[in-house]
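Chain and residue survey
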2 protein chains.
Amino acid sequence: MRDSKLLGSIREAIEAAGLKDGDTISFHHSFREGDLAVGQVMEAIRSLGIKGLRFAPSAVVNLANFSLADCVRDGTINRVEASGIRGELGDGLLDGSIVLPQPAILRPHGARPRAMEARELTVDVAFIVASAADERGNCTGQIGANPCGSLGYSFVDARLAKKVVIITDTLVPYPCCPASIGQRYVDYVVEVEQIGDPAKIGAGAARLTKNPRDLAIAQQVADVIAACSLFREGFSFQTGAGAISIACTKFLSQRMAEQRVTASFALGGITAAIIDMYDAGQIRTVECSQSFDAVAAGAILSRPGVVEIDNADYAGACGKGIFLDRLNFGVLGALEVDVSFNVNILTGASGRMMGGLGGGPDVAVGADVSIVALPIVRGRIPSVVERVEARCTPGDTVACVVTQAGVALNPRHRSYPMLREDLAKSGIRLASIEELCALAYSITGRPQPMTYTGRPVVKVEYRDGTILDVLQSHTVE
Amino acid sequence: MRDSKLLGSIREAIEAAGLKDGDTISFHHSFREGDLAVGQVMEAIRSLGIKGLRFAPSAVVNLANFSLADCVRDGTINRVEASGIRGELGDGLLDGSIVLPQPAILRPHGARPRAMEARELTVDVAFIVASAADERGNCTGQIGANPCGSLGYSFVDARLAKKVVIITDTLVPYPCCPASIGQRYVDYVVEVEQIGDPAKIGAGAARLTKNPRDLAIAQQVADVIAACSLFREGFSFQTGAGAISIACTKFLSQRMAEQRVTASFALGGITAAIIDMYDAGQIRTVECSQSFDAVAAGAILSRPGVVEIDNADYAGACGKGIFLDRLNFGVLGALEVDVSFNVNILTGASGRMMGGLGGGPDVAVGADVSIVALPIVRGRIPSVVERVEARCTPGDTVACVVTQAGVALNPRHRSYPMLREDLAKSGIRLASIEELCALAYSITGRPQPMTYTGRPVVKVEYRDGTILDVLQSHTVE
């Protein structure tokens, strides 16, 4: 094993790795909609005539110049397992226009390492995109022409996949430093023209909002956090990448400055707003499993307290402890929440696939105070409902729901006595979840139940592998 | 697993980990003779009456205030596996005064991860000393009251031991940053008064020399390296921690400055001399599996190109590639070398255990040019001999032997044609290994063969698990 691992093309790497019909392939989604590598790999696989693959990336995002749906249609892919399936493929599965022989499996971020370590998901070839690599496979997302930041999702693939192919557009002299993934795990290295566009990492899920309603909700979330007795020197938080969540980070920073409180750590998907707080001395360490924009992607290299962490260390459902175990506040986006506090982060009333599980179910169970932030209605569609269409996060793990019309505490959540006491003093407007639901329905009318009576098309797995829900296609057969 | 893992004492941790008779325990030896934790753990084990343990640290060093030999004598330890067994215990095994039911097993650094991954060596409880840790087990050797630097030897224990106990004298607020070993691997954390003395890391194997003969040999080694065609921009080297090796680093730095050559990486056990070269811009990256002195221990934190690496990434005998695969020059200390270039780094003519295998056998096979540096005689004892007393590194993996009386190239080594050509131009005095042996014998007389006819007491394993040699006790039974 003294020779270079560098091969001339993705096609050569696929052949060298011995990929064959029926195998499982994986990718990380750190470039999100800016990814340019998944399409190149799938084109090469298709050109080799390999069929019937299980496609098991950390998440399926909507690729600008490539149709994954076509890979299902032509039989290149016949199984899908990921944290979410955005775009044409997810929509097609739900509306029945794209058919998989077996339901797709969606797992939250913390469940993927568990499923892989339990060998429920075995990856034959992991294609890991890295913004810099040497010819022996030491690689990182932190330097190079197109940095994507943390490679946290891929560490488990590097450890456990049978073959590991590094795809880079910046080949550096040996040894690549920093090395997020080491040569010990890498079989082949391929250089391509461009792996992705860092400017587009912030597109899709990770975007800022100017919507006044969303800003009001974000402010309310910050007020709830600031009212809590857990909001004290050395507290910890994760605000995530939803539109409201990112805005919330800014308001939280203000509250922290006002009350002269600093955080011991911020966790998970990291944005420029979090890096600003680190630079201002408001956060001691930033534990970064994903970089949600180009600023966050570049921050790990230059700031000693901004560190890249393994997704399994962030959220993993097995092992002896994760960062989520010590999280005080977690802010979660949602499409719907129901009167039992169950959360839907996948499907909209439109019938389209509107989001992915991400780390939401993990953060909910990990955080002392898990906060679902959402407007009570979106357009003419209620967000607080009697029963969610897709149960992604069990209601018992949600501490409260923050809307523009009030904050509903979950009486069944372990933090309820503390939260009730803390918020009573704050002047924050409390409401029962049933009141919020009634208010929503008073605006939109009671929604017609969506009766999905088609085939099961998506299984929603929980952290421990149990099935939380099965989504059916809209098509009645 | 949300609670603190902090326990009140080492004894509590031993009980919590369920250590029982016949189990295997491990430690790292990064504090070398400055270690203060192994003794505390063994005292606690002894106080609990646990017997028949397999003692499997990365290396057994001579502890100042604790007798490991006594732990064998009283049956607390009845098996020993390590890279070396210095001091009273090793000497006692060889002279027959300390008896183990089975021979001790010595493995070079690269073989330990292999043996553990192959489950030939399974560790029940790993006691990992860290200079800073939080109460959930995130820990490092880089900060705290008594830094020891790289924890590279312990990563494999953290990954594979059934229970992992972190022992620290500096408990830091959660989350410990940097975190060399993550909470995911840690069961318990114990705070003690002092884990070790960084000032003593440089004692024992890692020491500087003022001996003019050793300095002359070190200079000769640097001359050999500088004469090689592989000595060019971007070359790589490992000089190690032997007395001659450390001096060699200084001379190599001079040659590099004279010829305006910089190195892509330095590898392995790192000394202050290497850090000086990094600071001077002579080395781009320092891949640090062990910190050989307090300066090197502190360098990882403050210098982005000085990085802590897993011993398995340095030298591991399994996996898809290691840093040693790309090493140009490796300088190796030795007690004896024979006319077949076999190297003895364990036993002296005194019958005492004079050294450990360390990474020597790994570096020999990895480096393009593996250089054994030693004087032809030490006192009245020849160092170049007909047949080594203990075969630790196979002669085929040694490129050349550098002595004060000349340099012997190994005609069977793969680098021989290149070295012969390179050195022919250099004016360096070449000699055959037989000539060096004859010269040594002309000074000392032909040594009496040491006929060990006692029990087998030490098995010397090679990287792949084969037995290279079996050392017998001096005692005839």
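The structure under discussion appears in the preceding block.
The sections below set out a description of the structure shown in this document. (Residues numbered from 1 in each chain as written. Chains lettered and ligands numbered in written order. Predicted model: local features only at pLDDT ≥ 70, side-chain atom pairs only at ≥ 80, totals over all residues. Heavy atoms only, no water.)

1. Focus on the overall build of chain A
Helix and strand counts for chain A come out as 14 helices and 25 strands. The C-alpha atoms of chain A give 22 Å as radius of gyration, which agrees with the globular expectation for 477 residues (23 Å, within 12%). With 477 residues in all, chain A has 65% of them scored as buried. Long-range pairs, those at least 24 residues apart, make up 74% of the contacts in chain A with a sequence separation of at least 6. Summing over all exposed atoms, chain A offers an accessible surface of approximately 16000 Å²; the carbon and sulfur share of this is 50%. Here chain A holds 46 positive side-chain charges and 52 negative ones, and the gap between their average locations is 3 Å. (Helix = DSSP H or I, 4+ residues; strand = E, 2+ residues; numbered from the N terminus. Rg over C-alpha atoms; globule rule 2.2 N^0.38 Å. Buried < 20%, exposed > 50% of the residue type's maximum accessible area, 1.4 Å probe, protein only. Contact = heavy atoms within 4.5 Å. Areas by Shrake-Rupley, 256 points an atom, 1.4 Å probe, with all protein chains shown as cover. Lys, Arg positive; Asp, Glu negative; His and termini not counted. Charge placed at Lys NZ, Arg CZ, Asp CG, Glu CD.)

2. With respect to the pattern of salt bridges
All names here are of chain A. Taken as a whole and judged by the stated rule, the model has 57 salt bridges over all chains. In this structure, Arg412 engages Asp396 in a salt bridge whose closest nitrogen and oxygen atoms are separated by 2.9 Å. One end of the pair, Arg412, is in the loop between strand S23 (406–409) and helix H13 (416–424); the other, Asp396, is in the loop between strand S21 (384–385) and strand S22 (400–403), with 16 residues separating them in the sequence. Assessed through its relative accessible area of 45%, Asp396 is described here as partly exposed. (Salt bridge = Lys/Arg side-chain N within 4 Å of Asp/Glu carboxyl O.)

3. Details of the interface of chain B and chain A
Interfaces are often sized by the amount of accessible area the parts lose when they come together. Contact residues are listed per partner, giving 46 residues for chain B and 46 residues for chain A. Where chain B abuts chain A, roughly 3300 Å² becomes buried across the two surfaces, and 43% of that area is made up of carbon and sulfur atoms. Connecting chain B to chain A are 10 salt bridges. Among the salt bridges present, the one from Arg326 of chain A reaches Glu135 of chain B, with a minimum N-O distance of 2.5 Å. At the junction of chain B and chain A, the tally comes to 26 residue pairs in polar contact (both at pLDDT 80 or more). Those elements that place two or more of their residues in the side of chain B that touches chain A are strand S9 (163–168), strand S12 (263–270), strand S13 (283–291), helix H11 (311–314) and helix H12 (360–366) of chain B. The element contributing the most residues to the side of chain B that touches chain A is S13 of chain B, with 3 residues. (Buried area = accessible area lost by both parts, 1.4 Å probe. Polar contact = N/O pair within 3.5 Å; in protein donor to acceptor, adjacent residues only side chain to side chain.)

4. Re unusual backbone geometry
All names here are of chain A. Note that the residue after Tyr174, namely Pro175, is joined by a cis bond; omega there is -5°. The topology assignment puts Pro175 in the loop between strand S9 (163–168) and strand S10 (188–191). That bond from Cys177 to Pro178 is cis: its omega, 5°, falls within 30 degrees of zero. Within the secondary structure, Pro178 is located in the loop between S9 and S10. The residue Arg119 is not glycine, and still its phi comes out positive at about 60°. Its location among the elements puts Arg119 in the loop between helix H5 (111–117) and strand S6 (125–130).

5. Here we look at the side chain of Ser30 of chain A
Residues and elements named next belong to chain A. Residue placement: Ser30 occurs in the loop between strand S2 (24–26) and helix H2 (37–47). A relative accessible area of 0% places Ser30 in the buried class. Discounting chain neighbours no more than four positions away, the residues touching Ser30 are Cys148, Ser150, Tyr153, Ile201 and Ser291.

6. Examining helix H10 (residues 294–302) of chain A
Residue and element names in this part refer to chain A. Along H10, the residues that are buried comprise Ala296, Ala297, Ala299 and Ile300. Relative to the axis of H10, the buried residues are bounded by an arc of 155° and lie together on one face. Buried-residue contacts for H10 involve strand S12 (263–270), helix H9 (272–279), strand S13 (283–291) and strand S14 (306–308). One side-chain oxygen at the N-terminal end of H10 lies 3.2 Å from the backbone nitrogen of Val295; it belongs to Asp293. (Arc of directions from axis to C-beta.)

7. Some words on the nonpolar core
Ranked by internal contacts, the top residues of the largest apolar core, which has 117 residues, are Ile25, Met42 and Leu68 of chain B. Residues Val60, Leu89, Ala130 and Val401 of chain A belong to the second largest nonpolar core, which totals 116 residues. (Core = buried A, V, L, I, M, F, W, Y, C linked by side-chain atoms within 4.5 Å.)

8. Points about the relation of the copies chain B and chain A
Superposing chain B onto chain A takes a rotation of 180° combined with a translation of 0.0 Å along the rotation axis, leaving an RMSD of 0.0 Å. The transformation just described matches what one would write down for a two-fold rotation axis. Relative to the rotation axis, the closest C-alpha in chain B is found at Pro304 of chain B, a distance of 4.6 Å. Looking at chain B, 100% of its interface residues are interface residues in chain A too, so the copies touch through the same face. (Least-squares fit on C-alpha atoms with pLDDT ≥ 70 in both.)

9. Here's the deal with the packing of aromatic side chains
Applying the stated criterion across every chain yields a total of 16 aromatic pairs over all chains. Geometrically, the ring pair formed by Phe27 of chain A and Phe127 of chain A is stacked, given 5.5 Å between the ring centres and 20° between the ring planes. With Phe27 of chain A in the loop between S2 and H2 and Phe127 of chain A in strand S6, this residue pair connects regions lying 100 residues apart in the sequence. Across the pair, exposure class does not vary: Phe27 of chain A and Phe127 of chain A are buried alike. Arranged with centres 5.4 Å apart and planes meeting at 65°, the rings of Tyr174 of chain A and Phe265 of chain B form a pair that is edge-to-face. (Phe/Tyr/Trp six-rings, centres within 6.5 Å; stacked < 30°, edge-to-face > 60°.)

10. As for the sheet that holds strand S21 (residues 384–385) of chain B
All names here are of chain B. On the basis of which strands lie adjacent, the open sheet formed by 3 strands has the order S17-S16-S21 and mixed pairing. At either margin of the open sheet sits one strand with a lone partner, and together these are strand S17 (343–344) and S21. The pairing of strand S16 (residues 336–338) with S21 spans 2 bridges and is classified as parallel. Bridge pairing in S21 places Val337 opposite Val384. (Pairing = 2+ DSSP bridges.)

11. Considerations on the side chain of Lys320 of chain A
Relative to the helices and strands, Lys320 of chain A is located in the loop between helix H11 (311–314) and strand S15 (329–332). Judged by relative accessible area, which is 18%, Lys320 of chain A ranks as buried. A distance of 3.2 Å separates a polar side-chain atom of Lys320 of chain A from the backbone oxygen of Lys162 of chain B.

12. Side note on the pairing of S9 of chain A
Side-chain positions along a regular strand alternate between the two faces of the sheet. Residues and elements named next belong to chain A. Burial runs high along S9: 5 of the 6 residues are buried. Strand direction decides the pairing type here: S9 and S10, joined by 4 bridges, are parallel. The residue bridging Val165 from the neighbouring strand is Tyr188, located in S10.

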